[in-house]
Structures are given as C-alpha cells and as structure tokens.
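Okay, here's what each chain looks like letter by letter:
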Amino acid sequence: MTNIKLDDFKNSIKGKRAAVIGVGISNVPLIRWLYKLGAEVTAFDRLEEDDPSILKTRSDFDKDGIKINWSLGRDYLDLLMKSHYEYVFKTPKMRYTNPELIAARNNGSVLTTEMELFMNLCPAKIFAVTGSDGKTTTTTLVSELLKASGYNVYIGGNIGTPLLDQVEKITEDDMVVLELSSFQLLDCVTSADVAIVTNVTPNHLDFHTDYDEYISAKTNIFKYQSPTGRVVLNSACDITYKMKDLARGSVSYFALSESVAKRSGQTELKTCAYLDEDGYLTLEGPEGALKLINEKDILIPGRHNVENYLAAALATSGYVSQEAFEGVARTFKGVAHRIEFIRELDGVKYYNSSIDTSPNRTINTMNALKSRGQKGVLICGGADKKCDYTGLGDAILNVCDRIIIYGTNAEFVKNILANESNGRQYELLEIENGENEVYEFQKTKQAVEDKLNKALNMARSMAKDGEIVILSSIGTSYDHFRHFEHRGDLFRDLVNALD
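Residues numbered from 1 in each chain as written. Predicted model: local features only at pLDDT ≥ 70, side-chain atom pairs only at ≥ 80, totals over all residues. Heavy atoms only, no water.

## Notes on the overall build of the protein
- Helices and strands together make up the secondary structure of the protein, namely 18 helices and 20 strands.
- Taking 499 residues into account, the globule formula puts the C-alpha radius of gyration at 23 Å, and the protein, at 24 Å, falls close to it.
- The principal-axis extent of the C-alpha atoms belonging to the protein is close to 65 × 65 × 40 Å.
- Every one of the 499 residues in the protein was classed for burial, and the buried ones make up 57%. (Helix = DSSP H or I, 4+ residues; strand = E, 2+ residues; numbered from the N terminus. Rg over C-alpha atoms; globule rule 2.2 N^0.38 Å. Buried < 20%, exposed > 50% of the residue type's maximum accessible area, 1.4 Å probe, protein only.)

## Examining the state of the cysteines
- For the structure on display, the rule yields zero disulfides.
- Among the cysteines around Cys 387, which has no disulfide bond, Cys 380 carries the closest sulfur, lying 14 Å off. (Disulfide = S-S within 2.5 Å.)

## Side note on the sheet that holds strand β13 (residues 280–285)
- Taken in spatial order, the nine strands of this open sheet run β7-β8-β6-β9-β10-β11-β12-β13-β14, and their pairing is mixed. Of all the strands in the sheet, the pair left with one neighbour each is β7 (153–157) and β14 (288–294). Each strand axis lies, on average, 15° off the axis of its neighbour in the sheet, ignoring direction.
- Taken together, the four bridges between strand β6 (residues 125–130) and strand β9 (residues 194–197) define a ladder with parallel strand orientation. (Pairing = 2+ DSSP bridges. Axes fitted to C-alpha atoms, helices over the stretch in contact; angles between N-to-C directions.)

## Some details on helix α18 (residues 484–497)
- Over its 14 residues, α18 runs 20 Å from end to end, which matches the ideal 20 Å to within 8%, given 1.5 Å per residue.
- When α18 is considered as a whole, its buried residues turn out to be Phe 484, His 486, Arg 487, Gly 488, Leu 490, Phe 491, Arg 492, Leu 494 and Val 495. (Expected span 1.5 Å × (residues − 1).)

## What to know about the packing of aromatic side chains
- The full count for this structure, using the stated rule, is twelve aromatic pairs.
- Measuring from ring centre to ring centre gives 6.3 Å for Tyr 87 and Phe 89, while their planes differ by 20°; the resulting arrangement is stacked. The residues Tyr 87 and Phe 89 share a single accessibility class, namely buried.
- For the ring pair Tyr 241 and Tyr 253, a centre distance of 5.7 Å and an interplane angle of 50° mean the geometry is tilted. Here the residue Tyr 241 occupies a position in helix α10 (residues 238–242), and Tyr 253 occupies one in strand β11 (residues 250–254), the gap between them amounting to twelve residues. Of the two residues, Tyr 241 and Tyr 253, neither departs from the other in class, the shared state being buried.
- Taken together, Phe 9, Trp 33, Tyr 87 and Phe 89 form an aromatic cluster joined through their ring pairs.
- It is Arg 17 that lies over the ring of Tyr 85; its NZ or CZ is 4.7 Å from the centre.
- Between the NZ or CZ atom of Arg 263 and the centre of the ring of Tyr 241, over which it lies, the distance is 3.9 Å. (Phe/Tyr/Trp six-rings, centres within 6.5 Å; stacked < 30°, edge-to-face > 60°. Lys NZ or Arg CZ within 6 Å of the ring centre and 35° of its normal.)

## A look at the packing of helix α7 (residues 135–148) against helix α13 (residues 322–331)
- As a packed pair, α7 and α13 sit with axes 9 Å apart at the nearest point and diverge in direction by 130°. The angle between α7 and α13 places the two elements in the oblique class. Crossing of α7 over α13 shows right-handed handedness. Residue-level inspection shows Leu 141, Glu 144, Leu 145 and Ala 148 of α7 in contact with α13, the latter providing Ala 324, Phe 325 and Val 328.
- For the contact of α7 with α13, a count of residues per class yields six nonpolar, no polar and one charged. (Parallel < 35°, antiparallel > 145°, perpendicular 65-115°, else oblique. Left-handed = near helix turned anticlockwise from the far one by under 90°. Contact = heavy atoms within 4.5 Å. Nonpolar A, V, L, I, M, F, W, Y, C, P; charged D, E, K, R; others polar.)

See below:
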C-alpha cells in the first residue's frame, strides 16, 4: 500500500532548504536521506572544523558525493538567523525556546526532529517506551516478544539504528519499537500507538527547567493518541499512575503486587499485570487471569526486570502468545551495560552496569545483586544530574563494603554512604579527578583510561574468591566519556585484558 504521508513529504522537501542542527548519530543518516530526496541541506554544529568527528563525517560525505553546506564553531547558529530554511531539524537536546529557533519559526520555518518526523511518516504500528529507569530493557523485551511471534520488527530511538532513512521499506504489517527520552519527547505532539511509561523519578534536572517539565515531557508519549491507542502505566509509581487522567485510549497497569496493580478506583475489568502470591507473572483482564511464567524461570535477575516483563506483557497483549513470552523470558540474556556479566577471573565475577546513570538505577542494580546473595567491590562515579541520592548508601552497603569512586559526583556518594551506613563498616577509596580530563581530548585521553584501569586493578586486589566487581556509575558519563556505552565498552575491554 502506498504511504501517502511519505509521498507528500517527498514532494514538499524536494528543492527546499533544510537546516539540520547537530551532526550526531541520528542526524547523519537524516542528512543523507534529505540530500537523496533533493533538499538543499545545511549542517549546523558547535564543533569546530578541525574536530575529528566533523572531519570524518565530511570525508564520508565527500566520498559518497554528498554536497551540503556547513555552519560550524561557536557561532554556528548565526547563519540560522540570517537565512531562511523551510525545514529546521533540531537536535533533541536543544530546546524550542532557543532564540534562534524562535526566530526561525517566526520566519516561517517548520521546526521538527528526526524522530518526530519518523513517527508521523511511519505506516507501521509504533510501540514506544519512556521512563526514568528500565527503558532499554523494556524496549528490547517488547521487540524480542514481537519477533518471537513472527513480526518483522524495527527498533530505534535511543537504541538500535536511526529509522527515518528506512521508512520507505517499512510496511503497515511491520512493528516498530522505540525507546524515547525526555529530550526527544519535550514539545513532541506525536504519540505512539502503544506507549509504556516505566516509572518517573527525578532525572535530567540539569536540562529541564524543573521536575514538572520533565514529567510533562514523558506524558507526550501517549497524550496525543487516538481513542484506539493503548498506554501502559506503572501503578506503583504515584506520578505515572496519575498520568491515567491524560489518556485518551485504553489504560492498563502493572506492579509487582496485585493489590497495587488494582489500585483504589480500578475495577476487576481493568487490564493489569502483577506478580501473584505463587511468584507467577500474571496478566489479568475482562476474560480472567493468565499465569505467564514463574519469576524464578526468568533468566535475567532482579525484581525490576520482573516489572519490565510485566510492562512488556501488557503492551504486547493480543500480539504475542504465551509460548513466545515463555521462550523469551527463559532465554533473553539482557542488554549490554545492564548488570552485564563480562568474565570470571580468579574466582571473581566482573560486571558492567555503566547504564546506571542515576542513583535510582544503581539502587535497582544493588537490589538485584542482593536478591542473588552477591557481595563484593563497587567501582562508581560519574557526573551528577541533580538527582535524589536517598537510599543509595543503604543499597550499596547491602552488597559492597569496598567502594572505589572515580567521578565528579564523588562528594554526593561519600555523603550518602556516611549518612546511611548505620554503623556498618566500609572501605572507600577515591581516585582524584584531573581538571578537564576527557577521553575525547587527545592530551587527556590516556589519563582517563589510566584512572579507570587503576580503579579496576584496585578492585581486583580487594575482591575475594566468590565475590564480584561491578561498575555501577551513579551518574552520567559526560565528566570523562562520550556516553555510557563508551564508558562501559572501555571497562569491558580493560576487564578482558586482565591476566
């Protein structure tokens, strides 16, 4: 079937001037695609002309015969004020309140993003996941469940690959699964067909004006659904539970407890998912209750992962068989950087949980390790996002009584450990942060690697036979690394290099 929306866009963009702000992972394919459609593209980026990533991108474009205009460096947005562009594609971390974007809108430009345009043009059903924690695992689970049921699945957003340049081959019989951040959802007026909000806790308050704006951004994932839309909400989180009042489509709820999944005001006819008293993940609706699988048979550990499965079960209900659900639950090994087992050496198991970019994520990781009776050494530290650290010290000391800190949020971590130790003894070592030590800077690259390697070797010397060493950062990677994957990949390489 012809994708009328896509055909209309192709006709409208041909010969038009398009500004793409930010030459990153998703916008490079966007530039290529717009150029192929006949647009006159200008790429805007704060990086200077001699930046290695810019040089490589320009070289790749030249090799492929892609001729575009560039506006780079500190004043890169000046050109946006001086010239008119029919379309302006902003990077997710740029606010629409930016003066240059306001000027462009007032000058008649259409302002959008790569992701919002994709969601508008996509002919397939879109499942999307947002939340403060559990997004990537839940997104991957939804994708794996749909694949196991025979669907052709595209996965994107914060994970997978950019999808806009693939929209021409996506059909209405396919399924699309997206992980969406508050950055991508802020001011977005296009919602997914099936939306999951895993939970909401204070996060990214270094970007959002306040917590209310952060919460509001999350609701955009479902707020503009049609009445046939579906939203899955965490009933155990007061903030997500209250989001039901904004939903236009059907609402279903998940929680570990049956009573919480069926909170006051809900009837037995409401669709919900919970862990029953016998430990079975249970899906309940108007036709009765269905026991899906016992939690002990799920391969990946942790009650937070049980919650992820419950959310995925509700989202895919009617599309996925119980047999497919059981098969995925018994075999899915989890996602990289999320309590990722690397190797065992001298009786010590090493784990990478670089995704733990907030205190709440590390708390979940520690709780999962505690549930398996594991003890050992923690390597932590990252950049703070103005988060609440309450409960972090207690969670860490339930698992790790030896802590090595390397990151700019060290004082927050040290303070919460001291406040919540309650007499428990622990050993804490801090590796001093050098000024502006960033892996991307050639002059400090080796220092960053050396200090992470130093932390690893200190942890190795402190760990005992039968214990663990885990990287769980409690903060973003931006104090030293490009992103959490970069931090986790380096840690994995260093662990694998141990002999």
